[in-house]
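# Commentary on secondary and tertiary structure
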Amino acid sequence: MTNNSTFQENRNPLPLARSLVLVGLMGAGKTTIGRRLASEIGVRFVDSDNEIVEAAACSIPDIFEVYGEAIFRDLEKRVLLRLLGEEPMVIATGGGAFMNADIRAGISGKALSIWLRADIEVLLDRVSRRNNRPLLATGDKRAILERLIQERDPVYALADMVVDNNLGHHEKVVEHIMELLRQRQAL
Ligand code: S3P
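No experiment lies behind these values; they were computed from the predicted model shown.

## Regarding the packing of helix H1 (residues 30-41) against helix H8 (residues 170-183)
Packed helix pairs are specified by the crossing angle of their axes together with the interaxial distance, meaning the distance between the axes. For the pair H1 and H8, interaxial distance at closest approach is 10 Å and the crossing angle is 55 degrees. As the angle between them shows, H1 and H8 are arranged oblique. Seen along the crossing, H1 lies across H8 with a hand that is right-handed. Contacts between H1 and H8 involve Thr 32, Ile 33, Arg 36, Leu 37, Glu 40 and Ile 41 from the first element and His 170, Glu 171, Val 173, Val 174, Ile 177, Met 178 and Leu 181 from the second.

See below:
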């Protein structure tokens, strides 16, 4: 287990058969919801961006600047395919990961993908709090996010489950996901 993994002690861990992979745009809340979900189920939580940073010993903005986006995408794919081969856990992906067909194929059958969806105003509000996203550093954040929504939403829509995360009531969102998982007999 790496330093980036967290395993919240849960005395009655639930029998999660397959990893849960959170996908969606920057600011959708994948890390926050993922961590809570993992704690509720009693499994490991991993943020794939953190794994990349640890593997490269370099921040994401620096990886983009020094090595370029293609190298970042390659690292992202390698990290995710490795995690998908490990025990069932909750994985928060970076916003671009699900665009990669190899990553989608790796998830398919082996894990359950959950598209965490949020309105543009909510995304903008969340991404404005930090300046750590190279794709948003090149111009107007709203315009970039609007373009990414157009490009990516049809692909995120391929996820196994779709869950809205607009209102900020994280426990409600986690409860809703738990309910959907039970309906699918994934727990
Ligand atoms: C990216 C999203 C980021 C990070 C990188 C690229 C994207 O992750 O992987 O900056 O392509 O949307 P978050 O979605 O966690 O911000």
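## What about the layout of surface pockets?
In this structure, the largest pocket spans a volume of roughly 810 Å³. The wall of the largest pocket is formed by 32 residues, among which Thr 31, Asp 49, Arg 130, Asn 132 and Arg 133 lie closest to the centre. Those elements giving two or more residues to the lining of the largest pocket turn out to be H1, helix H2 (48-56), helix H3 (60-67) and helix H4 (69-84).

## Digging into the pattern of salt bridges
Under the definition given, this model contains 13 salt bridges. Of the charged contacts, one joins Asp 74 and Arg 78 as a salt bridge, the two residues approaching to 3.3 Å between their closest N and O atoms. With Asp 74 and Arg 78 both in helix H4 and four residues apart, this pair spans about one turn of that helix. Note that Glu 151 is salt-bridged to Arg 147, the shortest N-O span being 3.0 Å. Linking Glu 151 with Arg 147, this pair stays in helix H7 (residues 141-156), spanning four residues, or about one helical turn. Relative accessible area serves as the criterion here: at 46%, Glu 151 is assigned to the partly exposed category.

## Let's talk about the packing of aromatic side chains
In this structure the tally under the stated criterion is two aromatic pairs. Judged by centre distance (4.9 Å) and plane angle (40 degrees), the rings of Phe 64 and Phe 72 are tilted. Each member of the pair Phe 64 and Phe 72 is classed as buried. Ring geometry for Trp 115 and Tyr 156: centres 5.8 Å apart, planes at 35 degrees, overall tilted.

The rules behind the values
Sequence order sets the numbering: in each chain, residues are counted from 1 along the sequence as written. Selection of residues for local features in this predicted model requires a pLDDT of at least 70, selection of side-chain atom pairs for listing and counting requires 80 or more, and totals for whole chains, interfaces and linings are taken over all residues. Side-chain descriptors were evaluated using all non-hydrogen atoms of the structure, hydrogens and water having been removed beforehand. Orientation is described by axes fitted as lines to C-alpha atoms, over the contacting stretch for helices, and by angles from 0 to 180 degrees between their N-to-C directions. Runs of E in the DSSP output that reach at least two residues are strands. Runs of H or I that reach at least four are helices, and both are numbered from the N terminus. Any angle between 65 and 115 degrees counts as roughly perpendicular, while under 35 counts as roughly parallel, over 145 as roughly antiparallel, and the rest as oblique. Left-handed describes a crossing whose near helix is turned anticlockwise from the far helix through less than a right angle; right-handed describes the clockwise counterpart. Between two residues, a contact is recorded if the distance between any of their heavy atoms is within 4.5 Å. Buriedness of a pocket was judged along seven lines, with at least five required to meet protein on both sides within 12 Å; pockets are open sets of points on a 1 Å grid over the protein atoms alone, cavities are sets where a 1.4 Å probe fits but cannot get out, and lining residues have an atom within 4 Å of a point. Grid points are joined across faces, edges and corners, and a volume is the space filled by probe spheres set on the points. Whenever Lys or Arg places a side-chain nitrogen within 4 Å of a carboxyl oxygen from Asp or Glu, that contact is recorded as a salt bridge. Accessibility here uses a 1.4 Å probe with only protein chains present; expressed as a share of the type maximum, an area under 20% marks a residue as buried, one over 50% as exposed, and anything in between as partly exposed. Here the aromatic set is Phe, Tyr and Trp, taking the six-membered ring for Trp, and pairing holds for ring centres within 6.5 Å; pairs whose planes are under 30 degrees apart are stacked, those over 60 apart are edge-to-face, and all others are tilted.

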